[in-house]
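So the chains spell out like this:
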Amino acid sequence: MIPVVPLPRPNKAARSVLRKLVQGESPPTAPMNIVDRLAGSPYANFTIQVGKAEESSRKTIDFALRLAETMFRYGAGALEVETSIIAVTAALGLRNIEVDITNQSVIINYAPRDAVPITLLRVVRSWTNNYAGLVEVHELVTDIASGGVTRDEAYRRLDVIVKKPKPFPRWLVSMAEAVFAAAVVGVIGGTFVGTIVAFLTILLAGQVARVLGKWRVPDFFVTSISSFIVTMVALVCFVLHVPLSPSVVVAGGILLMLPSGRLVSAVQDAINGFPVTASGRFLSAFLTFGAIVAGIAVALVTSAVFGADRLDVADTITASLPLYWVLVLVALATVAICIAEQTAIKLLLPTMAVALIGYLVYYFGMELGLGGRFAPAVAAVVIGMLARVIALRLGAPQLVVAVPSIIFLLVGLSIFRAMFVMTLTPEDSVTGAVGIFNALVIILAVAAGVVLGDNIARPFTRSSNGPRDKRRNRRR
């Protein structure tokens, strides 16, 4: 007889340790829960409205698409649009949602188990400056995520937001754009006569652009004609020996046209994982730069035909005013650009304060020798932190405070100079290429700094009742 030896009992602890070493916490091919995308966003702790999910999923997806279209039209970034869609659909009970966002389209796929999937697409074909509307949409999404708004009421509130007039009339926006250009001329070293000329030039270019817009002229040609007008006015003043620096007038006039905010948003989208959207915005931004350079080139060629001396609009510009006067002009220009972007009235002063702090950080960073690349990045980090804290406290997204506050880091002006040198002076093409590389490094540093500041400030902007909301959601 062979004795029967009992098998040894498996060591559960050893098997558990071995499993953790061989296999991660989740299977490598398992999809990430899409609600995890809300981590760190203002909608992390959403409340689910039980019992109203499956019965009207099509209407919920329609509402989410219209919400996304409105946000894109008002200038929101891709990450903000995605988190808003996820928060709204999750709060209304739709869990099997996939979202795909490109440069101007949004696709939502709803695929519940053992049911026919639904896929809807919405294309955004128009854009407008309306940060105040974006703030109201942000408040609506916050209310939906907190469980206090039904879908029917959300439809009604979104209709009110879309149909609501902008906070500032057109004539005030035109004046604000002119004031912004005049203040920029003062900040970068222009004379009093130069500020007046810039003010009147932008008023003229703005009226021409508005008429061309009514005629449905493409934005590329509208921007080219506007930069042509600005350059021609500077050339006429140069020929008439008006006491001003033509290059300063041109720089102040085109800074309003430069797509600095679009460039920063493109880099932010690339960092946040939206390469297609980022590519589209980069292409749009560089087309705008090309339009500006084309308008200036035509103006210079026109002046040369009539025998005028050649004007170098890419001259190095240095500020000459004392710091306290520069701060006054920065504050005035920030409020003016906020009015031009149709920012909510309650955000004018906070945005001005953030811009002043950011400019002071940039100024002292340059004084301490941080350099033209690192100083704007440090200032952008500070702006990103303050913008998130202040904006969320006031019920607004970070974008509406951060973008106007970084205008005076002049990320657009440097790349314009480089494109001008490379396009109009072929003998200095290498210098222009190096300048474009340096400008792109600064733009990347500023955009990355804003995103980094936003992430650093996340622990300081969490809702005070977050744990209570989580317990309430678990009970539901």
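What you are looking at is a predicted structure, and each value in this text was computed from that prediction instead of being measured.

What follows is about the confidence of the model for the chain. Of all residues in the chain, 80% attain a pLDDT of 70 or more, and the chain-wide mean is 81. Mean pLDDT values for the elements of the chain range from 42 in helix α18 (residues 466-475) up to 94 in helix α13 (residues 348-367). Note on residues 26-32: pLDDT is under 50 here. Beyond four places in sequence and across chains, it has one contact. Every residue in residues 463-476 is under pLDDT 50, and counting partners more than four places away or in other chains gives 12 contacts.

Judged by pairing direction, the sheet is antiparallel, and its three strands sit side by side in the order β1-β2-β3 without closing on themselves. Where the open sheet ends on each side, the last strands, each with one partner, are β1 (97-101) and β3 (118-123). Direction aside, neighbouring strands of the sheet carry axes that sit 15° apart on average. Direction of pairing for strand β2 (residues 105-110) relative to β3: antiparallel, over a ladder of six bridges. By the bridge assignment, V106 is partnered in β3 with R122.

Relative to the helices and strands, T223 is located in helix α8 (residues 219-239). For T223, the residues in contact, after removing those within four places along its chain, are M257, T288, A291 and I292.

Right, let's talk about α8 for a bit. If you check α8, its first and last C-alpha atoms are 30 Å apart, about what 21 residues at 1.5 Å a residue would give, namely 30 Å. Here α8 has its buried residues at V222, T223, S224, S226, S227, I229, V230, T231, A234, L235 and C237. On its buried face, α8 is in contact with α7 (192-214), α9 (246-255) and α11 (275-305). Following α8 by one or two positions, H241 has its phi on the positive side, about 60°.

Right, let's talk about the packing of aromatic side chains for a bit. Overall, the coordinates contain seven aromatic pairs when judged by the stated rule. Summarising the aromatic geometry, the rings of Y359 and Y362 are spaced 6.2 Å apart at their centres and angled 50° between planes, so their arrangement reads as tilted. Taken together, the positions of Y359 and Y362, both in helix α13 and three residues apart, correspond to about one turn of that helix. Per residue, the accessibility class of Y359 equals that of Y362, and both read buried. On the numbers, 5.3 Å between centres and 85° between planes, the contact of Y363 with F364 is edge-to-face. Judged by its relative accessible area of 44%, F364 is partly exposed.

Side chains carrying opposite charge are able to pair once their charged atoms draw close together. Inspection of the entire model under this criterion finds 10 salt bridges. For K164, the salt bridge identified is with E136, shortest N-O distance 2.7 Å. With K164 in the loop between α5 (151-163) and α6 (170-187) and E136 in helix α4 (residues 131-145), this residue pair connects regions lying 28 residues apart in the sequence. Assessed through its relative accessible area of 22%, E136 is described here as partly exposed. Here E153 and R156 are joined by a salt bridge, their closest N and O atoms 3.9 Å apart.

Turning our attention to the environment of V141. Checked against the element boundaries, V141 lands in helix α4. Classification of V141 by relative accessible area gives buried; the value is 0%.

A few words now on the side chain of T231. In this structure, T231 sits in helix α8. Note on T231: relative accessible area 0%, which makes it buried.

What counts, and at which threshold
- Residues numbered from 1 in each chain as written.
- Predicted model: local features only at pLDDT ≥ 70, side-chain atom pairs only at ≥ 80, totals over all residues.
- Heavy atoms only, no water.
- pLDDT = per-residue confidence, 0-100.
- Helix = DSSP H or I, 4+ residues; strand = E, 2+ residues; numbered from the N terminus.
- Contact = heavy atoms within 4.5 Å.
- Pairing = 2+ DSSP bridges.
- Axes fitted to C-alpha atoms, helices over the stretch in contact; angles between N-to-C directions.
- Expected span 1.5 Å × (residues − 1).
- Buried < 20%, exposed > 50% of the residue type's maximum accessible area, 1.4 Å probe, protein only.
- Phe/Tyr/Trp six-rings, centres within 6.5 Å; stacked < 30°, edge-to-face > 60°.
- Salt bridge = Lys/Arg side-chain N within 4 Å of Asp/Glu carboxyl O.

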